[in-house]
Amino acid sequence: MAKVLSFFMVLSLLAFAPILCLSSKTNYYGYLYPQFYDWSCPNAKEIVKSVVAKAVAREARMAASLLRLHFHDCFVKGCDASLLLDSSGTLISEKLSNTNRNSARGFEVIDEIKSALEKECPQTVSCADILALAARDSTVLAGGPTWEVPLGRRDSRDASLSGSNNNIPAPNNTFNTILTKFKLKGLDLVDFVALSGGHTIGNARCTSFRQRLYNQSGNNLPDYTLDQSYAAQLRTRCPQSGGDQNLFFLDFVSPTKFDNNYFKNLLASKGLLNSDQVLVTKNPASLELVKLYAENNEIFFEHFANSIVKMGNISPLTGYKGEIRKNCRVMNS
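Throughout, residues of each chain are indexed from 1 in the direction in which the sequence is written. Thresholds applied to this predicted model are a pLDDT of at least 70 for local features of residues and 80 or more for the giving and counting of side-chain atom pairs; totals over whole chains, interfaces and linings are not thresholded and use all residues. For side-chain calculations, the full set of non-hydrogen atoms in the structure is used, while hydrogens and water are omitted.

Undergrad: I'd like a description of the overall build of the protein, backed by residues and values.
TA: The secondary structure listing takes helices from DSSP runs of H or I that are at least 4 residues long and strands from runs of E that are at least 2 residues long, numbered from the N terminus. Tallying secondary structure elements over the protein gives 14 helices and 2 strands in all. Based on C-alpha atoms, the radius of gyration is set beside the globule rule, defined as 2.2 Å times the residue count to the power 0.38. Computed over its C-alpha atoms, the radius of gyration of the protein comes to 22 Å, within 12% of the 20 Å expected for a compact globule of 333 residues. Dimensions along the principal axes, computed over C-alpha positions, put the protein at roughly 85 × 50 × 35 Å. Exposure is judged per residue with a 1.4 Å probe applied to protein chains only, and the accessible area is read against the type maximum: over 50% gives exposed, under 20% gives buried, and values in between give partly exposed. Considering the protein as a whole, with its 333 residues, one finds that 52% of them fall into the buried category. The criterion used for residue contact is that any of the two residues' heavy atoms lie within 4.5 Å. Counting only contacts in the protein whose residues sit at least 6 apart along the sequence, the fraction spanning at least 24 positions is 74%. Residue exposure ignores everything except the shown protein chains as possible cover, and the areas themselves are Shrake-Rupley values with a 1.4 Å probe. Counting every atom, the protein has about 15,200 Å² of accessible surface; 56% of that belongs to carbon and sulfur.

Undergrad: Explain the side chain of arginine 205 residue by residue, including any values.
TA: Secondary-structure assignment places arginine 205 in strand E1 (residues 203-205). Lys and Arg are tallied as positive, Asp and Glu as negative. Neither His nor the chain termini are counted. The working definition used for a salt bridge is a side-chain nitrogen of Lys or Arg within 4 Å of a carboxyl oxygen of Asp or Glu. Nearest to the buried, unbridged arginine 205 among oppositely charged side chains is aspartate 244, at 7.2 Å. Discounting chain neighbours no more than four positions away, the residues touching arginine 205 are Asn98, Arg101, Asn102, Ser103, Asp244, Gln245, Asn246 and Leu247.

Undergrad: Describe the pattern of salt bridges, naming the residues involved and giving the relevant values.
TA: This model, assessed by the stated rule, comprises 17 salt bridges. Note that glutamate 323 is salt-bridged to arginine 157, the shortest N-O span being 2.3 Å. Here arginine 157 lies in the loop between helix H5 (127-141) and helix H6 (161-167) and glutamate 323 lies in the segment after helix H14 (297-312), a separation of 166 residues in the sequence. A residue is classified by how much of its surface remains accessible, and glutamate 323, at 8% relative accessible area, is buried. Under the relative-accessibility criterion, arginine 157 is labelled partly exposed at 43%.

Undergrad: An account of the state of the cysteines is requested, with residue identities and associated values reported.
TA: The definition used for a disulfide is geometric: two cysteine sulfur atoms within 2.5 Å. One pass over the structure, following the stated rule, counts 4 disulfides. Put simply, cysteine 206 and cysteine 238 are joined by a disulfide, and their sulfur atoms are 2.0 Å apart. Judged by the sign of its S-S torsion, about 75 degrees, the bond between cysteine 206 and cysteine 238 is right-handed. Of this pair, cysteine 206 sits in the loop between E1 and helix H9 (210-214) while cysteine 238 sits in the loop between helix H10 (228-235) and strand E2 (247-249), placing them 32 residues apart in sequence.

Undergrad: Report on the environment of lysine 264, specifying residues and quantitative values.
TA: Relative to the helices and strands, lysine 264 resides in helix H11 (residues 261-267). Separated by 30 residues in sequence, lysine 264 and alanine 294 place their C-alpha atoms 5.2 Å apart.

Undergrad: So what about the nonpolar core? Which residues, and what values?
TA: Nonpolar cores were defined as sets of buried Ala, Val, Leu, Ile, Met, Phe, Trp, Tyr and Cys residues, with membership established by side-chain atoms within 4.5 Å. Ile110, Ile113, Leu117, Phe263 and Met311 are the most contacted members of the largest nonpolar core, which has 77 residues in total. Looking at this core element by element, the count peaks at 10 residues for helix H3 (residues 62-77). Those residues in contact with phenylalanine 263 that sit more than four places away from it in its chain are Val193, Gly197, Val290, Tyr293, Ala294 and Phe300.

Undergrad: Talk me through the confidence of the model for the protein; I want residue IDs and the actual numbers.
TA: The quantity called pLDDT is the predictor's confidence in a given residue, expressed from 0 to 100. For the protein, the mean per-residue pLDDT works out to 91, and 91% of the residues sit at or above 70. Predicted confidence is poor over residues 1-24, with pLDDT under 50, and the contacts of this stretch with residues over four places away or in other chains come to 7 contacts.

Undergrad: Describe a nonpolar patch on the surface, listing the residues and the values that go with them.
TA: Exposure above 30% relative accessible area and the lack of any salt bridge qualify a residue for a patch; like charges then connect within 9 Å, and the nonpolar side chains Val, Leu, Ile, Met, Phe, Trp and Tyr within 5 Å. There is a patch of nonpolar side chains on the surface, built from Phe249, Phe252 and Val253 and spanning about 270 Å² of accessible area. Counting through the fold element by element, phenylalanine 252 comes out in the loop between E2 and H11. Owing to a relative accessible area of 35%, phenylalanine 252 belongs among the partly exposed residues under this scheme.

Undergrad: Tell me about the packing of H3 against H14, residues and numbers included.
TA: At a minimum axis distance of 10 Å, the contact between H3 and H14 shows a crossing angle of 45 degrees. By the angle class used here, H3 and H14 are oblique. The residues of H14 that touch H3, namely those facing Leu67, His70, Phe71, Cys74 and Phe75, are Phe304, Ile308, Met311 and Gly312. When residues are sorted by character, Ala, Val, Leu, Ile, Met, Phe, Trp, Tyr, Cys and Pro go into the nonpolar class, Asp, Glu, Lys and Arg into the charged class, and all the rest, Gly among them, into the polar class. Broken down by class, the residue content of the contact of H3 with H14 amounts to 7 nonpolar, 2 polar and no charged. All axes here are fitted lines through C-alpha atoms, helices being fitted over the stretch that makes contact, and every angle between N-to-C directions spans 0 to 180 degrees. Angles below 35 degrees are treated as roughly parallel, those above 145 as roughly antiparallel, those between 65 and 115 as roughly perpendicular, and all remaining angles as oblique.

Undergrad: So what's going on with helix H8 (residues 189-196)? Residues and values would help.
TA: Of all 8 residues in H8, 7 are buried; the element is thus mostly enclosed. What H8 keeps buried is the set Leu189, Asp191, Phe192, Val193, Ala194, Leu195 and Ser196. For H8, the elements touching its buried residues are helix H7 (175-184), H11, helix H12 (274-281), helix H13 (284-295) and H14. Here a polar contact means two N or O atoms within 3.5 Å. Within protein one must be a hydrogen donor candidate and the other an acceptor candidate, and residues neighboring in sequence count only if both atoms are side-chain atoms. Its side-chain oxygen 3.2 Å from the backbone nitrogen of valine 190, aspartate 188 forms the N-cap of H8.

Undergrad: Explain H7 to me, using residue names and the numbers behind them.
TA: Within the span of H7, buried status applies to Phe175, Ile178, Leu179, Lys181 and Phe182. Down the axis of H7, the sector holding all buried residues measures 155 degrees, keeping them to one side. Seen from the buried face of H7, the exposed residues on the opposite side, beyond 90 degrees, are Asn176, Lys183 and Leu184. Of the surrounding elements, those touching the buried residues of H7 are H3, H6, H8, H12 and H13. Positive phi shows up at glycine 186, right after H7, with a value of about 80 degrees. Directions pointing from the helix axis toward each C-beta atom define the arc.

This is the structure in C-alpha coordinates:
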(Lines give C-alpha, C1' and ligand atoms only; values in the text may rest on other atoms or scores of the structure.)
Protein backbone atom coordinates (compact mmCIF):
# COMPACT_ATOMS: atom_id res chain seq x y z
CA MET A 1 0.00 0.00 0.00
CA ALA A 2 2.85 2.40 0.93
CA LYS A 3 4.49 1.76 -2.45
CA VAL A 4 1.23 2.56 -4.27
CA LEU A 5 0.82 5.77 -2.29
CA SER A 6 4.39 6.85 -2.98
CA PHE A 7 3.85 6.12 -6.72
CA PHE A 8 0.79 8.42 -6.77
CA MET A 9 2.70 11.09 -4.80
CA VAL A 10 5.42 11.09 -7.47
CA LEU A 11 2.77 11.38 -10.19
CA SER A 12 1.22 14.33 -8.33
CA LEU A 13 4.57 16.10 -8.10
CA LEU A 14 5.21 15.56 -11.81
CA ALA A 15 1.78 16.93 -12.62
CA PHE A 16 2.51 20.09 -10.66
CA ALA A 17 6.04 20.51 -12.01
CA PRO A 18 4.97 22.96 -14.76
CA ILE A 19 3.16 25.05 -12.15
CA LEU A 20 6.25 25.09 -9.95
CA CYS A 21 8.25 26.04 -13.00
CA LEU A 22 5.98 28.96 -13.85
CA SER A 23 5.68 30.16 -10.27
CA SER A 24 9.44 30.60 -9.96
CA LYS A 25 9.18 33.53 -12.39
CA THR A 26 7.76 35.50 -9.47
CA ASN A 27 9.67 35.67 -6.21
CA TYR A 28 6.83 35.12 -3.76
CA TYR A 29 9.16 34.62 -0.82
CA GLY A 30 10.76 38.05 -0.79
CA TYR A 31 14.33 36.76 -0.52
CA LEU A 32 16.98 35.82 -3.05
CA TYR A 33 18.43 32.35 -3.57
CA PRO A 34 20.84 30.87 -6.14
CA GLN A 35 18.40 28.19 -7.39
CA PHE A 36 15.70 30.69 -8.36
CA TYR A 37 15.76 29.85 -12.10
CA ASP A 38 16.46 26.12 -11.77
CA TRP A 39 12.90 25.30 -12.91
CA SER A 40 11.91 28.26 -15.06
CA CYS A 41 15.18 28.76 -16.97
CA PRO A 42 17.71 26.04 -16.10
CA ASN A 43 20.28 27.23 -18.67
CA ALA A 44 20.18 30.87 -17.55
CA LYS A 45 23.52 30.89 -15.73
CA GLU A 46 25.31 29.12 -18.58
CA ILE A 47 23.89 31.55 -21.14
CA VAL A 48 25.10 34.56 -19.13
CA LYS A 49 28.52 32.98 -18.62
CA SER A 50 28.90 32.18 -22.33
CA VAL A 51 28.08 35.71 -23.55
CA VAL A 52 30.29 37.32 -20.88
CA ALA A 53 33.19 35.01 -21.80
CA LYS A 54 32.95 36.00 -25.47
CA ALA A 55 32.78 39.70 -24.58
CA VAL A 56 35.82 39.54 -22.27
CA ALA A 57 37.74 37.51 -24.87
CA ARG A 58 37.08 40.32 -27.36
CA GLU A 59 38.15 43.00 -24.87
CA ALA A 60 39.72 42.24 -21.47
CA ARG A 61 38.60 45.63 -20.12
CA MET A 62 34.97 44.50 -20.37
CA ALA A 63 35.33 42.41 -17.20
CA ALA A 64 35.83 45.58 -15.14
CA SER A 65 33.07 47.41 -17.01
CA LEU A 66 30.48 44.73 -16.25
CA LEU A 67 31.54 44.50 -12.59
CA ARG A 68 31.17 48.27 -12.29
CA LEU A 69 27.64 48.23 -13.74
CA HIS A 70 26.44 46.01 -10.88
CA PHE A 71 28.03 48.35 -8.33
CA HIS A 72 26.62 51.50 -9.93
CA ASP A 73 23.17 49.92 -10.15
CA CYS A 74 22.94 48.73 -6.54
CA PHE A 75 24.12 51.97 -4.91
CA VAL A 76 21.34 54.15 -6.33
CA LYS A 77 18.13 52.63 -5.00
CA GLY A 78 18.94 48.96 -4.76
CA CYS A 79 19.88 46.25 -7.27
CA ASP A 80 16.97 46.77 -9.65
CA ALA A 81 18.57 47.45 -13.08
CA SER A 82 17.43 51.09 -12.99
CA LEU A 83 20.86 51.97 -14.42
CA LEU A 84 20.04 50.15 -17.67
CA LEU A 85 16.99 52.23 -18.56
CA ASP A 86 17.44 54.76 -21.37
CA SER A 87 15.82 58.19 -21.16
CA SER A 88 12.21 58.08 -22.32
CA GLY A 89 9.38 60.56 -21.84
CA THR A 90 9.73 61.99 -18.34
CA LEU A 91 12.29 59.38 -17.28
CA ILE A 92 15.88 60.65 -17.25
CA SER A 93 18.44 57.87 -17.50
CA GLU A 94 21.02 57.27 -14.77
CA LYS A 95 23.49 56.87 -17.63
CA LEU A 96 23.56 60.68 -17.74
CA SER A 97 24.77 61.13 -14.14
CA ASN A 98 28.21 62.55 -13.37
CA THR A 99 29.54 59.13 -12.37
CA ASN A 100 28.21 57.33 -15.45
CA ARG A 101 28.30 59.82 -18.35
CA ASN A 102 31.08 58.99 -20.85
CA SER A 103 32.20 56.33 -18.39
CA ALA A 104 29.74 53.48 -17.71
CA ARG A 105 29.91 50.90 -20.49
CA GLY A 106 29.07 47.30 -21.32
CA PHE A 107 25.38 47.94 -22.01
CA GLU A 108 25.59 46.17 -25.38
CA VAL A 109 26.83 43.01 -23.64
CA ILE A 110 23.85 43.12 -21.28
CA ASP A 111 21.59 43.53 -24.34
CA GLU A 112 23.20 40.47 -25.92
CA ILE A 113 22.68 38.39 -22.78
CA LYS A 114 19.06 39.51 -22.47
CA SER A 115 18.35 38.70 -26.12
CA ALA A 116 19.75 35.18 -25.70
CA LEU A 117 17.74 34.64 -22.51
CA GLU A 118 14.52 35.90 -24.10
CA LYS A 119 14.90 33.28 -26.83
CA GLU A 120 15.51 30.56 -24.25
CA CYS A 121 12.85 31.52 -21.69
CA PRO A 122 10.85 34.67 -22.50
CA GLN A 123 10.27 37.28 -19.78
CA THR A 124 11.72 35.10 -17.04
CA VAL A 125 15.23 36.30 -16.09
CA SER A 126 15.43 39.87 -14.82
CA CYS A 127 17.95 42.43 -16.00
CA ALA A 128 18.92 42.99 -12.36
CA ASP A 129 19.88 39.32 -12.03
CA ILE A 130 21.79 39.50 -15.33
CA LEU A 131 23.91 42.32 -13.85
CA ALA A 132 24.63 40.27 -10.71
CA LEU A 133 25.60 37.15 -12.68
CA ALA A 134 27.69 39.09 -15.21
CA ALA A 135 29.63 40.74 -12.35
CA ARG A 136 30.49 37.33 -10.88
CA ASP A 137 31.42 35.78 -14.22
CA SER A 138 33.59 38.78 -15.15
CA THR A 139 35.46 38.57 -11.86
CA VAL A 140 36.14 34.85 -12.34
CA LEU A 141 37.32 35.36 -15.94
CA ALA A 142 39.80 37.98 -14.71
CA GLY A 143 41.24 35.45 -12.23
CA GLY A 144 39.24 36.52 -9.20
CA PRO A 145 37.07 34.62 -6.72
CA THR A 146 33.77 32.94 -7.46
CA TRP A 147 30.61 32.97 -5.35
CA GLU A 148 27.05 31.73 -5.51
CA VAL A 149 24.83 34.55 -6.77
CA PRO A 150 21.50 34.85 -4.94
CA LEU A 151 18.79 35.41 -7.57
CA GLY A 152 15.15 36.48 -7.80
CA ARG A 153 15.45 40.25 -8.23
CA ARG A 154 12.92 42.06 -10.37
CA ASP A 155 13.41 45.16 -12.51
CA SER A 156 12.42 48.69 -11.57
CA ARG A 157 9.98 50.80 -13.53
CA ASP A 158 11.83 54.02 -12.82
CA ALA A 159 15.31 55.51 -12.48
CA SER A 160 16.91 58.16 -10.28
CA LEU A 161 19.39 60.60 -11.80
CA SER A 162 19.75 62.42 -8.48
CA GLY A 163 20.32 59.12 -6.67
CA SER A 164 23.03 58.20 -9.15
CA ASN A 165 24.69 61.59 -8.68
CA ASN A 166 24.49 61.52 -4.89
CA ASN A 167 24.65 57.90 -3.72
CA ILE A 168 27.48 56.39 -5.76
CA PRO A 169 30.92 56.97 -4.19
CA ALA A 170 32.87 59.39 -6.37
CA PRO A 171 36.66 59.45 -7.03
CA ASN A 172 37.09 62.78 -5.22
CA ASN A 173 34.89 62.03 -2.20
CA THR A 174 36.51 62.09 1.24
CA PHE A 175 37.00 58.86 3.19
CA ASN A 176 34.14 59.72 5.57
CA THR A 177 31.77 60.61 2.74
CA ILE A 178 32.38 57.27 1.02
CA LEU A 179 32.07 55.30 4.26
CA THR A 180 28.77 57.09 4.99
CA LYS A 181 27.48 56.13 1.52
CA PHE A 182 28.36 52.50 2.25
CA LYS A 183 26.74 52.57 5.69
CA LEU A 184 23.53 54.06 4.26
CA LYS A 185 23.27 50.92 2.13
CA GLY A 186 23.83 48.59 5.10
CA LEU A 187 27.51 48.00 4.27
CA ASP A 188 30.47 48.46 6.61
CA LEU A 189 34.19 49.31 6.58
CA VAL A 190 35.25 45.80 5.52
CA ASP A 191 32.83 45.99 2.59
CA PHE A 192 34.19 49.43 1.67
CA VAL A 193 37.82 48.26 1.57
CA ALA A 194 37.15 44.83 0.04
CA LEU A 195 34.89 46.17 -2.73
CA SER A 196 37.37 48.96 -3.47
CA GLY A 197 39.61 46.05 -4.45
CA GLY A 198 37.47 45.76 -7.57
CA HIS A 199 39.79 48.50 -8.85
CA THR A 200 42.41 45.79 -9.36
CA ILE A 201 41.01 45.69 -12.92
CA GLY A 202 39.82 48.42 -15.24
CA ASN A 203 40.63 52.01 -16.12
CA ALA A 204 39.95 55.54 -14.97
CA ARG A 205 39.81 58.75 -16.99
CA CYS A 206 42.24 61.61 -16.55
CA THR A 207 39.39 63.86 -15.45
CA SER A 208 38.71 61.62 -12.43
CA PHE A 209 42.13 62.15 -10.80
CA ARG A 210 43.60 65.28 -12.44
CA GLN A 211 43.28 67.39 -9.29
CA ARG A 212 45.72 65.04 -7.52
CA LEU A 213 48.40 65.92 -10.05
CA TYR A 214 48.05 69.71 -10.00
CA ASN A 215 45.76 71.16 -7.37
CA GLN A 216 44.68 68.72 -4.68
CA SER A 217 43.75 71.21 -1.97
CA GLY A 218 43.12 74.39 -3.93
CA ASN A 219 46.71 75.62 -3.41
CA ASN A 220 48.08 74.68 -6.86
CA LEU A 221 50.13 71.86 -5.33
CA PRO A 222 49.90 68.13 -6.13
CA ASP A 223 48.64 65.56 -3.67
CA TYR A 224 51.53 64.85 -1.28
CA THR A 225 50.16 61.33 -0.62
CA LEU A 226 50.81 60.35 -4.26
CA ASP A 227 54.25 58.96 -5.12
CA GLN A 228 55.87 61.84 -7.00
CA SER A 229 57.64 59.76 -9.66
CA TYR A 230 54.32 58.05 -10.40
CA ALA A 231 52.64 61.47 -10.51
CA ALA A 232 55.21 62.73 -13.02
CA GLN A 233 54.53 59.70 -15.20
CA LEU A 234 50.77 60.35 -15.05
CA ARG A 235 51.21 64.02 -15.99
CA THR A 236 52.68 63.06 -19.38
CA ARG A 237 49.22 61.89 -20.49
CA CYS A 238 46.97 63.83 -18.12
CA PRO A 239 47.68 67.54 -18.69
CA GLN A 240 46.18 70.40 -16.70
CA SER A 241 43.66 70.96 -19.47
CA GLY A 242 42.54 68.65 -22.24
CA GLY A 243 42.86 64.88 -22.38
CA ASP A 244 39.84 64.39 -20.11
CA GLN A 245 38.97 61.01 -21.61
CA ASN A 246 42.54 59.61 -21.65
CA LEU A 247 42.47 56.23 -19.92
CA PHE A 248 44.83 54.97 -17.19
CA PHE A 249 45.03 51.58 -15.49
CA LEU A 250 43.66 51.58 -11.94
CA ASP A 251 46.25 48.91 -11.13
CA PHE A 252 49.27 49.49 -13.36
CA VAL A 253 51.06 46.32 -12.17
CA SER A 254 48.49 43.74 -13.34
CA PRO A 255 45.70 45.79 -14.97
CA THR A 256 43.59 42.91 -16.34
CA LYS A 257 44.23 40.36 -13.56
CA PHE A 258 41.99 40.30 -10.52
CA ASP A 259 44.49 40.10 -7.63
CA ASN A 260 45.78 41.96 -4.58
CA ASN A 261 48.33 44.16 -6.40
CA TYR A 262 45.85 47.02 -6.04
CA PHE A 263 46.45 46.99 -2.27
CA LYS A 264 50.22 46.68 -2.69
CA ASN A 265 50.09 49.78 -4.90
CA LEU A 266 48.23 51.70 -2.20
CA LEU A 267 50.93 50.89 0.34
CA ALA A 268 53.50 52.22 -2.15
CA SER A 269 51.50 55.50 -2.47
CA LYS A 270 50.54 54.57 -6.03
CA GLY A 271 46.76 54.46 -5.84
CA LEU A 272 45.35 56.24 -8.87
CA LEU A 273 42.17 57.77 -7.47
CA ASN A 274 41.86 59.85 -4.35
CA SER A 275 39.13 57.42 -3.22
CA ASP A 276 41.70 54.62 -3.45
CA GLN A 277 44.57 56.26 -1.58
CA VAL A 278 42.43 57.48 1.33
CA LEU A 279 42.08 53.83 2.38
CA VAL A 280 45.70 54.11 3.54
CA THR A 281 45.98 57.73 4.63
CA LYS A 282 42.75 58.57 6.46
CA ASN A 283 41.78 55.69 8.73
CA PRO A 284 43.90 53.28 10.78
CA ALA A 285 41.34 50.45 10.58
CA SER A 286 41.14 50.64 6.79
CA LEU A 287 44.95 50.80 6.61
CA GLU A 288 45.13 47.51 8.54
CA LEU A 289 42.70 45.90 6.09
CA VAL A 290 44.77 47.15 3.14
CA LYS A 291 47.87 45.59 4.73
CA LEU A 292 45.99 42.33 5.34
CA TYR A 293 44.78 42.08 1.74
CA ALA A 294 48.20 43.05 0.36
CA GLU A 295 49.74 40.18 2.34
CA ASN A 296 47.00 37.61 1.82
CA ASN A 297 45.24 37.32 -1.55
CA GLU A 298 43.06 34.48 -0.26
CA ILE A 299 41.53 36.61 2.50
CA PHE A 300 40.96 39.45 0.03
CA PHE A 301 39.12 37.07 -2.31
CA GLU A 302 37.02 35.70 0.55
CA HIS A 303 36.07 39.17 1.83
CA PHE A 304 35.37 40.49 -1.68
CA ALA A 305 33.01 37.59 -2.44
CA ASN A 306 31.17 38.03 0.87
CA SER A 307 30.87 41.79 0.38
CA ILE A 308 29.59 41.66 -3.19
CA VAL A 309 26.88 39.18 -2.19
CA LYS A 310 25.94 41.59 0.59
CA MET A 311 25.90 44.48 -1.89
CA GLY A 312 23.75 42.42 -4.27
CA ASN A 313 21.14 42.16 -1.52
CA ILE A 314 20.58 45.93 -1.29
CA SER A 315 16.82 46.58 -1.55
CA PRO A 316 15.89 44.09 -4.29
CA LEU A 317 12.42 44.20 -5.80
CA THR A 318 10.65 40.87 -5.22
CA GLY A 319 7.14 39.45 -5.29
CA TYR A 320 4.94 41.60 -7.51
CA LYS A 321 7.09 44.72 -7.22
CA GLY A 322 8.63 45.93 -10.45
CA GLU A 323 8.61 43.70 -13.52
CA ILE A 324 10.72 41.38 -15.66
CA ARG A 325 11.71 43.61 -18.58
CA LYS A 326 11.71 42.18 -22.09
CA ASN A 327 14.35 44.73 -23.07
CA CYS A 328 16.70 45.98 -20.36
CA ARG A 329 16.74 49.50 -21.83
CA VAL A 330 12.98 50.16 -21.66
CA MET A 331 10.09 49.42 -19.35
CA ASN A 332 7.47 46.99 -20.59
CA SER A 333 4.57 48.76 -22.26
